Amino acid sequence: MSAEIEPTATETPVEDIALAGARATYRGKKLPPWVMPVIAVVILGGLGVLGLVTEMGMLTTLTSVLYYMVIAQGWNLLGGYGGYLNFGAAIFAGSGAYAAAWFANELGWTMWQTFLPAALAAVAVSLVLGYATLRLRSHYFAIFTIVFTFLAMVVVKNTPALGGSMGLYAFLDTQLDSRGLALLFYYSLFGFAVLATVIAYLVDHSNFGYALRAISEDEPAAQVLGVKTVSVKLWALVIGAALGGAAGSVYAFQTGYIEPAGTFSLDLALDIVLVCVVGGLATWVGPLIGAVIVVVLEQWLRVFVPRLEFFGVGVPAETNRLVLGILLIVFALFIRRGIVGLFTERRGRRITV
Amino acid sequence: MGPVIEAEKLVKRFGGMTAVDEASFSVEAGALLGVIGPNGSGKTTTLNILNGAIRPDSGVIRVNGKEMQGKPSTAFVEAGVSRTFQNPRVFTTITALENMLVPVLHSKGSNWREKALDLLAFVGLEDHRDTPASELSGGQQKLLEFVRALMTDPSVVLMDEPFAGVHPSVKELMRQRILERNREGTAFVIVSHEIPDLTRLCPQILCMSSGRVVAYGPPAEVTSDPLVIEAYLGHGPSGKAAS
């Protein structure tokens, strides 16, 4: 009991002694708060204007950008903020696409009317997936989503009401010419992209978002502090699934024909992960930046790669997947916080000795 | 007022090892109870049982009169228990203020932000509201964790080693703030190896050894108890008492 400190009898408030030297306000690499909203407005505003002025080829590419944007914003809620990396994005977009095609075929519903059922179908599927697996920790969850994607494909393939392996057609009964139709799909997805971004922004700045980040970092601690982690994760999954499902309904009408293998494809799921990793996981602007970069790069490679020749031998068209794979590895190893992370403060634990 | 926590014959085994062995005790409302015991005596496991992080193999836990064994830790928080950890487990990717808002996610009410700022000021962290928790010093993280545990207005706060590895002045601040909250009626259960600090702070001390409660009473009584001395030294009081 020798080295005991007697209570200070001075007038100095004790916190001034305790925190002397540590009081200086934190000055990190911090952007003014308006920078990210401005970037988001520029990207979305640019896409809003480009739709009207660009030619058809570019419009198709930009439609894909918007499609990926909506799904990626939804995926980012659980996959980015919640830290539950998964490969299930195609399940929800696929469920939405199939629900939309089914309602169009069976009940003659038009695209607008299928948005809600498509979102609800994806929500229903996400509830099944979530209840079954969200008690699992992240890696097991990631593996299960791959299995579930194949499972969804097999189920659809063997369901005659959903067209089986033949697939379903989704026609839009309309007077619009091809450009008008393209613009309809484009601005439908644009609307969903804006909605998804607003949702992502709200989550980012809410107690729900903080809890998701807490789960991502230390789930048992979050639980002990009173966070109902399973329900928080389930909500993140469900909101993301609803967005994916709604985007899927536009996809069904845009392509006009959907079949199991192409709809429940791991390529899409991997691309969505890549979009978020490149843009910045757990940031609300990341998926916007990532979708533009990944989709434009992918489309460019698709055109560019088949033209390549090495010593007179053509390069297989699939090489574009290889390039995207390398991109994922580069970001995962060296630019872990994505492009948004290059401009924002470093947070989180560092490994120290 | 009755006890906030009653533990009856708590047992927890890990494989062949009995970490907590029929431990029974109670924590009165507004109490300030220190828990001591050698390494491996079951202190942290007991805390983990008292907030639902670990389910006991048998025994009864009542929080404010409600039976809680087998319930998830979120139910313990709702019943009025909160805790801090041996190594601070603040969430490093979010700011100090955002850390404060995590425990109240499911709580109704709207002025949580104001309350969080008041509590940050309570431990002198008001200038660090927007600092990512990863940038706070170890002592500041301990203070943040302490006030984060107060966000839900708990009737009892379980603290695991609040004084370990922090600067003496932070220790003193922590001590004063604990006393302040305690005077307002919050009970504390504090596990610590810093026995002098603990005996100075807590009017009641509980000593654990090999998973059992071997002594419970005022500090002077507990630290001179032959069973406590044996627990720390491994044999009876042959000469000097350890404290």
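Computed from a predicted model, the values in this text were never measured in an experiment. (Residues numbered from 1 in each chain as written. Chains lettered and ligands numbered in written order. Predicted model: local features only at pLDDT ≥ 70, side-chain atom pairs only at ≥ 80, totals over all residues. Heavy atoms only, no water.)

1. What to know about the pairing of strand E1 (residues 3–14) of chain B
Residue and element names in this part refer to chain B.
Part 1: As paired elements, E1 and strand E2 (residues 17–28) share 9 bridges and run antiparallel to each other. Within the sheet, the bridge partner assigned to Leu10 lies in E2 and is Ala23.
Part 2: Remark: 2 residues form the turn of the hairpin made by E1 and E2, two consecutive strands paired antiparallel; Gly15 in that turn has positive phi of roughly 60 degrees.
Part 3: Of the pairings in the sheet, the one linking E1 to strand E4 (residues 58–63) comprises 5 bridges and is antiparallel in character. (Pairing = 2+ DSSP bridges. Helix = DSSP H or I, 4+ residues; strand = E, 2+ residues; numbered from the N terminus.)

2. Quick look at the sheet that holds strand E8 (residues 187–191) of chain B
Residues and elements named next belong to chain B.
Part 1: Spatially, E6-E7-E8-E3-E9-E10 is the arrangement adopted by the 6 strands of the open sheet, whose pairing is mixed. The open sheet terminates on both sides in strands that have one partner only, identified here as strand E6 (81–83) and strand E10 (212–217). Each strand of the sheet is rotated relative to its neighbour by a mean of 20 degrees, with strand direction disregarded.
Part 2: By the bridge criterion, 3 bridges tie E6 to strand E7 (residues 156–160) in an arrangement that is parallel. Within E7, the residue paired with Arg83 across the bridge is Leu158.
Part 3: Lying on the sheet, helix H1 (residues 43–50) is in contact with strand E3 (32–36), E6, E7, E8 and strand E9 (204–209); it crosses E7 at an angle near 150 degrees.
Part 4: Set on the sheet, helix H5 (residues 138–150) makes contact with E6, E7 and E8; between it and E7 the angle comes to about 155 degrees. (Axes fitted to C-alpha atoms, helices over the stretch in contact; angles between N-to-C directions. Contact = heavy atoms within 4.5 Å.)

3. Let's talk about the packing of aromatic side chains
Geometry of an aromatic ring pair is reported as the spacing of the ring centres plus the angle between the planes.
Part 1: Following the criterion strictly, the structure yields 16 aromatic pairs over all chains and no others.
Part 2: Between Phe115 of chain A and Phe192 of chain A, the ring centres sit 4.9 Å apart and the planes meet at 75 degrees, which makes this aromatic pair edge-to-face. In this pair, Phe115 of chain A is assigned in helix H5 (residues 111–133) and Phe192 of chain A in helix H7 (residues 178–204), connecting sequence segments 77 residues apart. The pair formed by Phe115 of chain A and Phe192 of chain A is uniform in burial state, with each residue classed as buried.
Part 3: Cluster of aromatic residues (ring-pair linked, three or more members): Tyr67, Tyr68 and Tyr251 of chain A.
Part 4: In this structure, Arg89 of chain B packs its charged tip against the face of Phe85 of chain B, placed 4.6 Å from the ring centre. (Phe/Tyr/Trp six-rings, centres within 6.5 Å; stacked < 30°, edge-to-face > 60°. Buried < 20%, exposed > 50% of the residue type's maximum accessible area, 1.4 Å probe, protein only. Lys NZ or Arg CZ within 6 Å of the ring centre and 35° of its normal.)

4. A few points about the pattern of salt bridges
Part 1: Applying the stated criterion to the full structure yields 23 salt bridges over all chains.
Part 2: Here Glu6 of chain B and Arg62 of chain B are joined by a salt bridge, their closest N and O atoms 3.4 Å apart. Residue Glu6 of chain B is located in strand E1, and its partner Arg62 of chain B is located in strand E4; the two are separated by 56 residues in the primary sequence.
Part 3: Overall, Glu6 of chain B belongs to the partly exposed group, its relative accessible area being 22%.
Part 4: Taken together, the salt bridges that share partners define one network made up of Asp267, Asp271, Glu298, Arg302 and Arg321 of chain A. (Salt bridge = Lys/Arg side-chain N within 4 Å of Asp/Glu carboxyl O.)

5. Looking at the interface of chain A and chain B
Part 1: Tallying the contact residues gives 41 residues for chain A and 49 residues for chain B.
Part 2: Carbon and sulfur atoms make up 59% of the area that chain A and chain B hide from each other, which totals about 4100 Å².
Part 3: The largest per-residue losses of area from chain A upon contact with chain B belong to Tyr210, Val224 and Leu225 of chain A, which jointly make up 18% of the total buried on that side.
Part 4: At the junction of chain A and chain B, the tally comes to 2 salt bridges.
Part 5: Measuring nitrogen to oxygen at the nearest pair gives 3.2 Å for the salt bridge that ties Lys228 of chain A to Glu78 of chain B.
Part 6: Listed by contribution, the elements that provide at least two residues to the side of chain A that touches chain B are helix H1 (14–18), helix H8 (207–224) and helix H9 (229–255) of chain A.
Part 7: Looking at the side of chain A that touches chain B element by element, the count peaks at 13 residues for H8 of chain A.
Part 8: Classifying every residue of the side of chain A that touches chain B by side-chain character gives 21 nonpolar, 7 polar and 13 charged. (Buried area = accessible area lost by both parts, 1.4 Å probe. Nonpolar A, V, L, I, M, F, W, Y, C, P; charged D, E, K, R; others polar.)

6. Quick word on the sheet that holds strand E5 (residues 66–67) of chain B
All names here are of chain B.
Part 1: Spatially, 4 strands are ordered E2-E1-E4-E5 in an open sheet, and the strand pairing comes out antiparallel. Among the strands making up the open sheet, the edge pair consists of E2 and E5.
Part 2: Relative to E5, E4 runs antiparallel, the two sharing 2 bridges. The residue bridging Arg62 from the neighbouring strand is Glu67, located in E5.

7. Brief notes about the packing of H7 of chain A against H9 of chain A
Residue and element names in this part refer to chain A.
Part 1: Contact geometry of H7 with H9 gives a least axis separation of 10 Å together with a crossing angle of 175 degrees. With respect to H9, the axis of H7 lies roughly antiparallel. Each of Phe185, Ser188, Leu189, Phe192, Leu195, Ala196 and Ile199 in H7 lies in contact with H9, whose residues at this interface are Ile239, Leu243, Ala246, Ala247, Val250, Phe253 and Gln254.
Part 2: Class assignment for the residues of the contact of H7 with H9 results in 12 nonpolar, 2 polar and no charged. (Parallel < 35°, antiparallel > 145°, perpendicular 65-115°, else oblique.)

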